[in-house]
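# Understanding the architecture of this molecule
Letter by letter, the chains look like this.
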Amino acid sequence: MYRNMYESYLLGAVKFSVYCREIWRTNKNRPICTSTVLEVIHRAYNDLDVPSVSKLRMDIRRGLYLRAFIKVLVRRQHLFCEAVQVLEQEQRNLTLGAGMISQMIHRWPATHLERLA
């Protein structure tokens, strides 16, 4: 269940990164506003249709979502440096912590999608 969730978040993050890169190129390599990037990422998460679950499960979902975006955005530091720092801080603030999410993801075998990210 969590693996599928993570992969769908990862796919969304890859698409978002591609769209941002195209906007960056269209705007003659002008930086994209960090607050706009973060707002879109947060709004997309808040718009997810998530049934009522325990706080721990919500933290796991939130952690997987943040981890997917961090993994993808860190590859484009010139576009997302500040956004990645904010997302990493948000992940550290989750009750279960970033370590548990990283361990969970690390145990899963890599897929083609993960290699793209």
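What this report covers is the structure whose coordinates are included nearby.

Compared with the 22 Å implied by 1.5 Å per residue over 16 residues, the 20 Å span of helix α4 (residues 77-92) between its first and last C-alpha is markedly short. Roughly 35° is the biggest bend found in α4, and it falls at Ala83.

Its identity is not glycine, yet Lys28 carries a phi of approximately 55°, on the positive side. Tracing the sequence through the fold places Lys28 in the loop between α1 (2-26) and α2 (34-46). Despite not being glycine, Asn29 has its phi angle at roughly 65°, a positive value. You can call Asn29 partly exposed: its relative accessible area is 45%.

A few words on the environment of Gln91. Summarising the element assignment, Gln91 is placed in helix α4. Classification of Gln91 by relative accessible area gives buried; the value is 2%. Taking C-alpha positions, Gln91 is 9.5 Å from Tyr65, a pair spaced 26 residues apart along the chain. Among the polar contacts listed, one links the side chain of Gln91 to the backbone oxygen of Gly63, at a separation of 3.5 Å.

Rules used in this analysis
- Sequence positions are assigned chain by chain, starting from 1 and proceeding in written order.
- Given that the model is predicted, a residue must reach a pLDDT of at least 70 before its local features are reported, and side-chain atom pairs must reach 80 or more before they are shown or counted; all residues, however, enter totals for whole chains, interfaces and linings.
- Side-chain numbers come from the whole structure's heavy atoms, not from hydrogens or water.
- Secondary structure elements are defined from DSSP: runs of H or I of at least 4 residues count as helices, runs of E of at least 2 residues count as strands, and each element is numbered from the N terminus.
- A helix's residues, less one, multiplied by 1.5 Å, set its expected span.
- Bend is computed residue by residue as the angle between axes fitted to the seven residues ending at the residue and the seven residues starting at it.
- Buried, partly exposed and exposed residues are distinguished by accessible area as a fraction of the type maximum, computed with a 1.4 Å probe on protein chains only: under 20%, between the cut-offs, and over 50%, respectively.
- A 3.5 Å cut-off defines polar contacts: any pair of N or O atoms within that distance qualifies, except that in protein one atom must be a possible hydrogen donor and the other a possible acceptor, and neighbouring residues in sequence count only when both atoms are side-chain atoms.

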